[in-house]
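Chain by chain, the residues run as shown.
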Amino acid sequence: AQSVTQLGSHVSVSEGALVLLRCNYSSSVPPYLFWYVQYPNQGLQLLLKYTSAATLVKGINGFEAEFKKSETSFHLTKPSAHMSDAAEYFCAVTLSGGYNKLIFGAGTRLAVHP
Amino acid sequence: SAVISQKPSRDICQRGTSLTIQCQVDSQVTMMFWYRQQPGQSLTLIATANQGSEATYESGFVIDKFPISRPNLTFSTLTVSNMSPEDSSIYLCSVEPRDEGNGYTFGSGTRLTVV
């Protein structure tokens, strides 16, 4: 069975500072990994995905994530936070090989202050 | 990626009643998923709905409470039955990507308040 752990339910950064949101996964087979963002009162938007190609994945809005198998991690980073990045971020895992259900982490709420 | 139209976007319902949520997809998809997001929490999968077969429910969710229909490859409904205030949540539908490994697309969600 797969699972996802997001460390830190709330993260606060200053505008222009580095954003680091942590995600660790557990999977019995090679996983597909995703980061989604949810703005207030909106649905989920895909930020980026890992599907066993390049381990460093670049997504939208300047975000990127690195898949580290040895650490079972898929942390999300952005070099310089913007006020508009304030949102809820979810890490999700699914099994590779076909279309399988997504398992979500608990989410991390990112606050960006001036 | 697929485009999903989900409705209603929000509703306020009396306890003991039922609400049916609809998801329409702009292309044919094999698998549709229904999630619940309780206030301030993450998404929990309710069930997976494949066209032509019974939905598969996750632990803690039962068909009598959350009946699902999947009449064709572009449409599905989720009914929340005999509602109580504990059912107040956002309900989202999702579909598998067109290509394996791509991101799953989500509807905009239905915000349900039970009073």
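The following paragraphs examine the structure supplied in this document. (Residues numbered from 1 in each chain as written. Chains lettered and ligands numbered in written order. Predicted model: local features only at pLDDT ≥ 70, side-chain atom pairs only at ≥ 80, totals over all residues. Heavy atoms only, no water.)

Positionally, Glu58(B) belongs in the loop between strand E6 (56–57) and strand E7 (68–72). A sequence separation of 11 residues divides Glu58(B) from Ala47(B), and the C-alpha atoms of the two residues are 5.7 Å apart. Ignoring sequence-local partners within four residues, the contact set of Glu58(B) consists of Lys101(A), Leu45(B) and Ile46(B). (Helix = DSSP H or I, 4+ residues; strand = E, 2+ residues; numbered from the N terminus. Contact = heavy atoms within 4.5 Å.)

Before going further, it helps to spend a moment on the interface of chain B and chain A. Between chain B and chain A, the residue contacts involve 23 residues of the former and 23 residues of the latter. When the two sides are added together, the surface that chain B and chain A hide from each other amounts to roughly 1,800 Å², 56% of it contributed by carbon and sulfur. Summed over the shared surface of chain B and chain A, the number is 1 salt bridge. Here Lys101(A) and Glu58(B) are joined by a salt bridge, their closest N and O atoms 2.8 Å apart. Counting across the chain B and chain A interface gives 5 residue pairs in polar contact (both at pLDDT 80 or more). Mapped onto the side of chain B that touches chain A, the elements with two or more residues apiece are strand E4 (31–37) and strand E5 (43–50) of chain B. For the side of chain B that touches chain A, the element with the highest residue contribution is E4(B), accounting for 4 residues. Residues belonging to the side of chain B that touches chain A are distributed by class as follows: 9 nonpolar, 8 polar and 6 charged. (Buried area = accessible area lost by both parts, 1.4 Å probe. Salt bridge = Lys/Arg side-chain N within 4 Å of Asp/Glu carboxyl O. Polar contact = N/O pair within 3.5 Å; in protein donor to acceptor, adjacent residues only side chain to side chain. Nonpolar A, V, L, I, M, F, W, Y, C, P; charged D, E, K, R; others polar.)

Residues and elements named next belong to chain B. Read from one edge to the other, the open sheet built from 4 strands follows the order E1-E3-E8-E7, with strand pairing classed as antiparallel. Where the open sheet ends on each side, the last strands, each with one partner, are strand E1 (4–7) and E7. Each neighbouring strand pair of the sheet contributes to a mean axis angle of 15°, computed without reference to strand direction. Examined bridge by bridge, E1 and strand E3 (residues 19–25) share 4 bridges and lie antiparallel to one another. Across the sheet, the residue bridging to glutamine 6 is cysteine 23, located in E3. (Pairing = 2+ DSSP bridges. Axes fitted to C-alpha atoms, helices over the stretch in contact; angles between N-to-C directions.)

On to unusual backbone geometry. The step from Lys7(B) to Pro8(B) runs through a cis peptide bond, and the omega angle for that step is 0°. Looking at where Pro8(B) falls in the secondary structure, it is placed in the loop between E1 and strand E2 (10–13). The backbone of Asn61(A) sits at a positive phi, close to 60°, despite the residue not being glycine. You can see Asn61(A) is positioned in the loop between strand E6 (56–58) and strand E7 (64–68). Judged by relative accessible area, Asn61(A) falls into the partly exposed class, the value being 39%. (Buried < 20%, exposed > 50% of the residue type's maximum accessible area, 1.4 Å probe, protein only.)

Our next topic: the sheet that holds strand E8 (residues 73–78) of chain A. Residues and elements named next belong to chain A. Read from one edge of the open sheet, 5 strands run E1-E3-E8-E7-E6, paired in antiparallel fashion. Taken across any chain shown, the strands that pair with only one partner, and hence form the sheet edges, are strand E1 (3–7) and E6. Each neighbouring strand pair of the sheet contributes to a mean axis angle of 20°, computed without reference to strand direction. By the bridge criterion, 5 bridges tie E7 to E8 in an arrangement that is antiparallel. The residue of E8 that forms the bridge with phenylalanine 67 is phenylalanine 74.

Quick look at the environment of Ala92(A) now. Residue and element names in this part refer to chain A. Looking at the secondary structure, you find alanine 92 in strand E9 (residues 87–95). On the accessibility criterion, alanine 92 (0% relative accessible area) is buried. With residues near it in sequence (within four places) discarded, alanine 92 still touches Val4, Tyr32, Leu33, Phe34, Leu102, Ile103 and Phe104.

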